[in-house]
Amino acid sequence: MASDDPSAPLPTELSAVPETALWTLYQRAVEARRPEPLLDDPKAVELVDRIDYPFEERFGTSALQAQLQALRVACFDREVADFLAREPRGTVVCLGEGLETQYWRVDNGRAQWLTVDLPESVALREQLLPPGPRQRYLAADATELGWTDEVDLSREVLVTAQGLCMYLRPAQVRALIAGCAERLPGGSMVLDAVPRWFARLVRDGKLHTSGYQVPPMPWGMDAGERAKLRTASPAVVGVRDVRPAGGRGLVGALLPLVLAVPPLANRRPSVTVLEFAERPDPS
Ligand SMILES: C[S@@+](CC[C@H](N)C(=O)[O-])C[C@H]1O[C@@H](n2cnc3c(N)ncnc32)[C@H](O)[C@@H]1O
């Protein structure tokens, strides 16, 4: 039960996929606590301090994981910030947002933000990150597309699916992309994917710490396959790679190589932007 004291630690019990939002939150906080973080995220640090959950015991602490996570998140932040620079009054729809604190990192004071996540994740988000006047939280299954009726189509729209699609089945990912492309004309979507080898490792139970087993990731896509996303719908008219930049130590030294050498580049985790066709002119 939550205490009346808003600063009291909150107990947390989540089922497997929503729990992954605690993992990503924790990685951002680990990175943000470093002296010169790749991702400045004081809100994530504040949440980890506040939530009554054995983060370190469950997830362990790996500077490498935190760094890789920060590089991935920075790709999304860059895309959202670029979108808001072009469309300051646009809407950012965050599918499977969990406890992501991106709003506090990149909001411009004018945009609208819509979160769509499963009921138990939204309940926790509402408790920990109560929505401000330009934020709305919707408890819904992102794959069911009813949430698209809640999007104001008089504004430009960017949909983010950060850390979501790997937990869906391949047919659900295609249907989600097609649904967004067909219902949000002129919009765009940024999503990430784990490569097939990584999804296989998870399937075989090989990714775990002593206290945590990563839940199955039914959808894996090699970076080199991203052009196929275009075939989800004729309304997907553009596909673009978002490349991680920077990095520290060995990661920073190896990243240019991983991005340049085809066998590595084609099998790395990826972040992709999909552009949607404008609505056909009725005249
Ligand atoms: C790995 S977490 C990612 C959270 C956040 N985007 C981040 O990167 O920190 C996965 C999130 O997807 C949500 N999720 C999983 N399946 C979903 C679905 N079908 N519809 C909406 N949200 C879903 C989970 O509840 C969880 O919040």
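Here is what the cut-offs are and how they apply
- Residues numbered from 1 in each chain as written.
- Predicted model: local features only at pLDDT ≥ 70, side-chain atom pairs only at ≥ 80, totals over all residues.
- Pairing = 2+ DSSP bridges.
- Helix = DSSP H or I, 4+ residues; strand = E, 2+ residues; numbered from the N terminus.
- Axes fitted to C-alpha atoms, helices over the stretch in contact; angles between N-to-C directions.
- Near = placed C-beta within 6 Å.
- Nonpolar A, V, L, I, M, F, W, Y, C, P; charged D, E, K, R; others polar.
- Buried ≥ 20, exposed ≤ 12 C-beta atoms within 10 Å, placed from the backbone.
- Right-handed = clockwise from strand over helix to strand, strands pointing away.

Caption draft 1: Broad picture of the sheet that holds strand 3 (residues 91-95). On the basis of which strands lie adjacent, the open sheet formed by seven strands has the order 5-4-3-6-7-11-10 and mixed pairing. One side of each edge strand has no neighbouring strand; the edge strands of this open sheet are strand 5 (135-139) and strand 10 (236-242). Ignoring strand direction, the axes of neighbouring strands in this sheet form an average angle of 20°. For strand 7 (residues 188-193) and strand 11 (residues 270-276), the ladder comprises six bridges, and the chain directions are antiparallel. Across the sheet, the residue bridging to M189 is L274, located in strand 11.

Caption draft 2: The site of the ligand, seen in detail. Near the ligand there are 22 residues, and of these T20, T24, G96, G98 and G163 occur at the shortest range. Broken down by secondary-structure element, the contributors of at least two residues to the shell around the ligand are helix 1 (16-32) and strand 4 (112-117). It is helix 1 that provides the largest number of residues to the shell around the ligand, a total of six residues. Partitioning the shell around the ligand into residue classes produces 10 nonpolar, eight polar and four charged.

Caption draft 3: Looking closely at the pairing of strand 7. In terms of residue burial, strand 7 counts as a mostly covered element, since six of its six residues are buried. Burial along strand 7 is two-sided: the face carrying S188, V190 and D192 and the face carrying M189, L191 and A193 are both buried. For strand 6 (residues 157-161) and strand 7, the ladder comprises four bridges, and the chain directions are parallel. Across the sheet, V159 pairs through a bridge with M189, a residue of strand 7. You can see the chain leave strand 6, run along helix 7 (residues 170-183) and come back into strand 7, and the turn it takes is right-handed.

Read these as spatial facts, not as claims about activity.
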